[in-house]
Amino acid sequence: MHINRKEVLRDPWFVAGLCLALAFGFVALLGPALAPYDPWNMGFEPIASPDSRHLLGVNDGGQDILSELLYAVRNTVAFGLLSGLAALGLGVAAGLAAGWYGGPVDAFLMRLADVLLAVPAVMVLILAAALFRPEPWVLALLLAVFAWPTISKTIRAQTLSLRTSLHVKAAVRMGASGRYILRRHLLPEMFPLYLIGFAAKARMAMFMEASLAFLGLFDPSRKSLGMMISYALKFYYMDIWWHWLMPPVLCLSLLIMGVTFLAVGLEKVLDPRLRTVTGEPV
Amino acid sequence: MTLTVDRLRVIYRDGDHGILALDEVSLVLEPGRCLALVGESGSGKTTLGMACMGLLPESAEVRGRILLSGQELDTADEAAMNRVRWSDLSMVFQNGAANLNPLHRIVDQVAEPLIHQGNMGRRPALDRAAEALVSVGLEPHLHRRYPHQLSGGQVQRALLAMAGVLDPAVLILDEPTSALDALSKGIVARVIREAVARGKAVLLITHDLEFAVHQADHMAVLYLGQVLETLPPEDLLSRPLHPYTLALGRSYPSMDTVRDLGGIRGDAFYRLVHRHGTENGEHSVHSHIQIPGSSHRDGHAPPTGCLFQNRCTQAVPACSSGRIPLEEVEGHGVRCLRHGIVNLMELHNVTKAYDNVPAVKGVDLEIKAGEILALVGETGSGKTTLAMTAAGALRQDQGQRFFDGQDMDGWIARDYRSLARRVGVIYQNPSESVSHRFTVFDAVAEPLRIHGFGKNRSERTDQVRRVLSDVHLSTDPAFLERYPHELNMGAIQRVCLARALVLSPVFLAADEPTSSLDPSVQAKVMKLLLELQTERGLTMLFVTHDIGLARKISDRIAVMLAGRIVELGPASAIMKDPRHPYTRLLLESASGRHVEPRIGESDAGDVDGCAFAPRCPSRLDRCLTERPLLQPQSGRKVACHASGPAE
Amino acid sequence: MKATGGREMTGKRRGVGTVISFALAALVMIYLSYQVPRLLPGDFVTAMYASSQVTLTAEEAADLRAYYAQEGGFGGYLARVLTLDWGYSYAFLTPVSELFFEALPWTLLLLGTAHLLSMAAGFVGGVEAAWRHGRVAEKGLVGGMTLLEGMPEISTGVILLFVFALNLNWFPAVGAETAYADLGGIDRLGNILHHLALPLTTLILAYVPGNFLLTRNSMILVLRAPFIQTARAKGLPPIRIRYAHAARNALLPLATRFGLRLAFMITGALVIERIYAYPGLGTLLFNAIQARDLPVIQSVVLMSSIGVLGVILCLEAAYRLIDPRIRNAH
């Protein structure tokens, strides 16, 4: 398992994804600094068209849309990163344990994974959001609980194959401890899988966050792209298409596209069999 | 139907570059005959099979023609090829089970062509398929299995059945026996024989020389996309005419070969092709890029001329120019500038006596380039004299000697040194052959000094170091300053070997080089000699009294008795089936069985009749009066009236 | 490596084993659902309905508390679930099961059609694209599909709604059929399809790229396999090679992926139902959330989970049918 760095950087999808991801990351980090106004400030004239003071206009509650947008991006990105990392951590731990120890540990973890995979995460999240009204980060972690199974399956498969590989067997024969093998052989080898898994889960988490916000399941004062779309949609009969509805739609699309392209680019480079090859049978 | 391949050229394209896989290969597959196409990886043999079926990838450029019974096949036209595929010519591919769809049952896959090409109904097609499977030894209960449920041998047989199901006129088999058990190999062999008997044309592509020799009617040896030799199969191991064929036979472990395996020095390479403008759309062949990681010794192949020259044991400068055609030489087709393996050394009727005691009497001998000839005989048989005469150290009384085609007497008279440079000699007593006053360095550098090579001490040191490392001796300055007599016998012999090789000779005469060594040391030196012969492409004359030792190192053996050669032939033939009673005696002694010789005197000088007659258990009356001449007999030459197959 | 009679029995035994483990999983889900009220703080009935738009009479509140007092324990709950006695919705004043089965057909129509069509289109598209690998049209299609895959359902849904329903007025923006229209037969069918068009298109646009790309990628790998060369050598017609030989092998990863992603695809469906006010389970759930109507929420979540479980089970069975190696392997 080897990612050729030059190859990766030449792939257009990866580069596009990277640019988008970096751009949004930048915005997420600097959000508050870049926002011209406090997004909760309801003092502006409602549903105003864009002008020099409000580049994207004002929403129905009298809040500056641009500022809202910046904070919303931040929330979505944060949610995605947190959930993705948590899912990655859980998935890698479970996959490694299942693949390395095998036996009852493996059986238990995989059964657990199967059950978790059957449950529609969104429903549980909705249930939790409706009943308990938790902090968003709790929901992010809850989502991770449903997201780790797919990662763990991939990691487990790779661990199984590495466990029987010759270089690991040689190390074991030389007297290496399990921890050493984990550290020196297994963990580094699967690095590309982490990237791909993280990208996929972060993508899904951001998508979930937008969906949940769209359905109104977060605290109404929390800024989110989904929530903005939901509100804007109510005023479809007014001329808010370009400045209120499109920007969050566009941002959400670009954000998710960026992460998707990153994942696609990585997958393509990781699997050399997908490229064109001149056959050379002999 | 006859399948004719006419000047087929295939280049695999990758952007501006390409790899030349087949270079104007022409073959004819006649009905009722099996042609074996033999070669190693990179030779292009699979490409040839695929080209005939029209299965090369789109990126492959194909020139030349493929004709089926005179009709040209347009391999680019899928529809036309589909009409011909499987019904007229079919192929069994490499890779066993991977050639079958893992999701379809065996019998379905065998029946599939019958249904789709043969327009048979499903029921009759399945029945016919079942028959075909049974005929290759797969019983009915296996028919409804999936590929992963069959063993490798069973899969191969199923593939065979599938290939024959539409009764094609041409059958191509690509490595049908790799990794197969004996039973399945036997069935493959039977299928080939039956196909040939029924008039099919069979192309057997393989690197399994043994199998090819037994199944084929005719053979072609492929190297880097060119046919280097075509020959009857029985000649492959006993009478190859191309240096590559000889080396290939030597590299192959078979039950008949006796000497240790040798490889071929250097590496094969890819033939890269570049586009050069658009002259007439032709692109010329251009560099030969070596496969990375190859050894440094072999140098680079020049862009024209013989493809094998950088690994050949008899290449001359002329080999690198022009294109060498395939010509007929002694019944084989050979592509070699020098018309096949040349004789590096030829001795005609050589006679030498010491003080009126004849040592060598009228000996005719050729030593082929790149081979190891063992000269075996008892003490006093004249073998050392013969060897030294061949090496140019002694002058014969009568007869002629030729080295690389030139008369040695004239050469020696003109310029002995230039001949001496090309010949290396190592002796029976290593420590005696080196002056006690010389250091290791002095000993090994001596030839350099004598011939004036190396402008200064440091250049000479470099050369000495290089050759010392070739014989696996230390190159430390400390070692160079040691005295050979301080070293153990094996090391001294290696120093002598280094000395003999420092000028890169083409011929090495080794006179009982290991007789005074301990067995374990002897073994190491023997291995070293074999390794050097492979690496440097040396031709060797190895003198020994121990036929058991000879068998481990030689391609051919010459048995000497009382100054004459009594048996001469391929080592495997002589070891398996010695014809001369003396050879049998030597073998029996070597194996520890001592046969009581007939009571009689040992051979005396110039008697009439056979020198072995007094001791010979198979002696006839005429043996005492009429000296037998060296006659060809079952693959070798024997000088005996009573010889025949051993009882 | 030879299969014996014993091995075949194991295959069937494995099938039964899988059914059992799924039944167990379903039971676990029902149990968790049963436990939910215990997890809620205090007198949740009051707390919940206090913030709801619905007010309960004392009698209704008492009934609800009784319902949640879980008489008969888990067994009783299980029995009630199985007999479709899912409680009463005070927000909608209807038994929950009635609400559920009213909304279910619309969701099945929307999701079912979307998945079927997108599987078929993605699969065939992927197969044909892989067959033409390297040509310009294929590269373009792959690029387009990758781009489309990056678009979340929300965005596509909103854009389509805005453009085609709200601005161009070619399609209705709301509902599954025109209310109170009282159409019959063909007219009704036409009306339903008209309403179905936009949400269906949105979902198809969301599902097709994944199917297409996965099929294409796995087809490309399959096409390189030696047995495809054998099929070509046998002179078989190209369509047969493409589908009977190659595509069948490429089907396997697609089936696996579908099973893994099923539970997550529901999110998109929910959002789409909301955007188009399509009266399926999604809208039901959403409205129930607004109304803090716990019985409805519970039932919808539980039944959907069990439904997904069922689909995954069918997929496993289908997988065994497709791939004989799994059938007989240990």
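Residues numbered from 1 in each chain as written. Chains lettered and ligands numbered in written order. Predicted model: local features only at pLDDT ≥ 70, side-chain atom pairs only at ≥ 80, totals over all residues.

Draft legend 1. Structural context of the overall build of chain B. The secondary structure content of chain B amounts to 20 helices and 26 strands. With respect to the three principal axes, the spread of C-alpha positions in chain B is 90 × 65 × 40 Å. Taking all 647 residues of chain B together, 48% fall into the buried category. Residue pairs in contact within chain B that sit at least 24 positions apart in sequence constitute 65% of those at least 6 positions apart. (Helix = DSSP H or I, 4+ residues; strand = E, 2+ residues; numbered from the N terminus. Buried ≥ 20, exposed ≤ 12 C-beta atoms within 10 Å, placed from the backbone. Contact = placed C-beta atoms within 7 Å.)

Draft legend 2. Structural view of the overall build of chain A. Looking only at helices and strands, chain A features 11 helices and 0 strands. Ordered by position from N to C terminus, the α and β elements of chain A give α-α-α-α-α-α-α-α-α-α-α. Counting across all 282 residues of chain A, residues that qualify as buried make up 46%. Within chain A, counting contacts between residues at least 6 apart in sequence, those at least 24 apart form 71% of the total.

Draft legend 3. Spatial organisation of the domain arrangement of chain B. All names here are of chain B. By domain assignment, chain B separates into domain 1 (4-67 + 213-341) and domain 2 (343-558). Centre-to-centre, using C-alpha coordinates, domain 1 lies 34 Å away from domain 2. Contacts between the two partners involve 15 residues from domain 1 and, on the opposite side, 14 residues from domain 2. Tallied by class, the residues present in the side of domain 1 that touches domain 2 amount to 6 nonpolar, 4 polar and 5 charged. (Domains from an automatic or database assignment. Nonpolar A, V, L, I, M, F, W, Y, C, P; charged D, E, K, R; others polar.)

Draft legend 4. Region of the structure containing the interface of chain C and chain A. With 38 residues of chain C at the interface, the matching set in chain A holds 39 residues. Elements that contribute at least two residues to the side of chain C that touches chain A include exactly helix H1 (5-39), helix H6 (136-149), helix H7 (153-167), helix H8 (185-223), helix H10 (238-275), helix H11 (281-290) and helix H12 (294-322) of chain C. Tallying contributions element by element places H10 of chain C first for the side of chain C that touches chain A, with 8 residues.

Draft legend 5. The pairing of strand S6 (residues 89-92) of chain B, seen in detail. Residues and elements named next belong to chain B. By the alternation rule, side chains of S6 split into Leu89 and Met91 and Ser90 and Val92, which are all buried. Sheet analysis places S6 next to strand S7 (residues 170-174), joined by 4 bridges and oriented parallel. From the neighbouring strand, Val92 faces S7, where its bridge partner is Leu173. (Pairing = 2+ DSSP bridges.)

Draft legend 6. Region of interest: helix H16 (residues 519-536) of chain B. Between its first and last C-alpha, H16 of chain B extends 25 Å over 18 residues, near the 26 Å set by a 1.5 Å rise per residue. Among the residues of H16 of chain B, Val525, Leu529, Leu530, Leu532, Gln533 and Thr534 of chain B are the ones counted as buried. (Expected span 1.5 Å × (residues − 1).)

Draft legend 7. How the structure looks around helix H9 (residues 226-233) of chain C. Taken as a whole, H9 of chain C has its buried residues at Phe227, Gln229, Thr230, Ala231 and Ala233 of chain C. Among the structural elements, helix H1 (45-53) and S6 of chain B together with H10 of chain C are those in contact with the buried residues of H9 of chain C. Backbone geometry just downstream of H9 of chain C places Gly235 of chain C in the positive-phi region, at approximately 75°.

Draft legend 8. Highlighting the sheet that holds strand S19 (residues 406-407) of chain B. Residues and elements named next belong to chain B. In space, the 4 strands of this open sheet follow the order S16-S15-S18-S19, with antiparallel pairing throughout. Where the open sheet ends on each side, the last strands, each with one partner, are strand S16 (357-368) and S19. Where strand S18 (residues 398-403) meets S19, 2 bridges bridge the pair, whose relative direction is antiparallel. Looking across to S19, one finds that Phe402 is bridged to Asp407. Across the face of the sheet, helix H11 (residues 408-422) comes into contact with S18 and S19 while running at roughly 45° to S18. (Axes fitted to C-alpha atoms, helices over the stretch in contact; angles between N-to-C directions.)

Draft legend 9. Highlighting the environment of Leu187 of chain A. Residue and element names in this part refer to chain A. If you trace the backbone, Leu187 turns up in helix H8 (residues 178-189). Judged by the 13 C-beta atoms lying within 10 Å of it, Leu187 is partly exposed. Remark: the alpha-carbon pair of Leu187 and Val92, spanning 95 residues in sequence, is separated by 9.1 Å.

Draft legend 10. Inspection of the pairing of strand S2 (residues 17-29) of chain B at higher detail. Residues and elements named next belong to chain B. Both strand S1 (residues 3-14) and S2 contribute to a ladder of 9 bridges, which runs antiparallel. Along S2, the bridge assignment pairs Val5 with Leu27. From the end of S1 to the start of S2, which pair antiparallel, there are 2 residues, and Gly15 there has a positive phi angle of about 70°.

Draft legend 11. Spotlight on the sheet that holds strand S23 (residues 556-561) of chain B. Residue and element names in this part refer to chain B. Ordered by their spatial adjacency, 8 strands build an open sheet running S20-S21-S22-S17-S23-S24-S26-S25, and the pairing between neighbours is mixed. At either margin of the open sheet sits one strand with a lone partner, and together these are strand S20 (423-426) and strand S25 (631-633). For this sheet the average axis-to-axis angle between neighbouring strands, irrespective of direction, equals 20°.

Draft legend 12. A look at the packing of helix H10 (residues 225-234) of chain A against helix H11 (residues 241-270) of chain A. Residues and elements named next belong to chain A. Two numbers describe how H10 lies on H11: the axes approach to 9 Å, and their chain directions differ by 150°. Between H10 and H11, the angle falls in the class roughly antiparallel. Between H10 and H11 the crossing geometry is left-handed. Here Leu225, Met228, Ile229, Ala232 and Leu233 of H10 lie close against H11, whose contacting residues are Trp244, Leu245, Pro248, Val249, Cys251 and Leu252. A breakdown of the residues in the contact of H10 with H11 according to their chemical character gives 11 nonpolar, no polar and no charged. (Parallel < 35°, antiparallel > 145°, perpendicular 65-115°, else oblique. Left-handed = near helix turned anticlockwise from the far one by under 90°.)

Draft legend 13. Expanded view of the nonpolar core. In terms of nonpolar packing, the biggest core is built from 358 residues, with Val110, Leu204, Leu375, Val444 and Phe542 of chain B touching the most fellow members. Apart from the residues lying within four places of it in its own chain, the contact partners of Leu375 of chain B are Lys383, Leu386, Ala387, Leu541, Phe542, Val543, Ala558 and Met560 of chain B. (Core = buried A, V, L, I, M, F, W, Y, C linked by C-beta atoms within 7 Å.)

Draft legend 14. Molecular detail of the confidence of the model for chain A. All names here are of chain A. The predicted model of chain A averages 82 in pLDDT, with 94% of residues at 70 or higher. Ranking the elements of chain A by mean pLDDT puts helix H1 (residues 5-10) last, at 74, and helix H3 (residues 65-101) first, at 91. Note on residues 274-282: pLDDT is under 50 here. Beyond four places in sequence and across chains, it has 21 contacts. (pLDDT = per-residue confidence, 0-100.)

Draft legend 15. Main features of the packing of H3 of chain A against H11 of chain A. Residue and element names in this part refer to chain A. At their nearest, the axes of H3 and H11 sit 11 Å apart, and the two run at 25° to each other. Comparing their axes, H11 and H3 come out roughly parallel. In this structure, H3 meets H11 at a crossing whose hand is right-handed. Across the interface between the two elements, Ile65, Leu69, Ala72, Val73 and Thr76 from H3 touch His243, Trp244, Pro247, Pro248, Cys251 and Leu255 from H11.

Draft legend 16. Region of the structure containing the environment of Asp14 of chain B. All names here are of chain B. Locating Asp14 in the fold gives a position in strand S1. C-beta crowding within 10 Å serves as the criterion here: with 14 such atoms nearby, Asp14 is assigned to the partly exposed category. For the pair Asp14 and Met120, spaced 106 residues apart in sequence, the C-alpha to C-alpha distance is 42 Å.

Draft legend 17. Representation of unusual backbone geometry within the structure. All names here are of chain B. Its identity as a non-glycine residue notwithstanding, Glu175 has a phi of 50°, on the positive side. Tracing the backbone shows Glu175 in the loop between S7 and helix H6 (182-197). A positive phi angle, near 50°, is found at Asn349, a position not held by glycine.

Draft legend 18. The environment of Leu254 of chain C, seen in detail. Considering the arrangement of structural elements, one finds Leu254 of chain C in helix H10. Sequence-distant contacts of Leu254 of chain C, defined by excluding residues within four places in its chain, comprise Phe123, Asn211, Leu214 and Thr215 of chain C.

Draft legend 19. View of the confidence of the model for chain B. Residues and elements named next belong to chain B. The share of residues in chain B with pLDDT of 70 or more is 92%, and the mean pLDDT across the chain is 85. In this model, residues 291-302 is a region of pLDDT below 50 whose contacts with residues beyond four sequence positions or in other chains number 20 contacts. On the interface metric, ipTM, the complex scores 0.79, and its pTM is 0.76.

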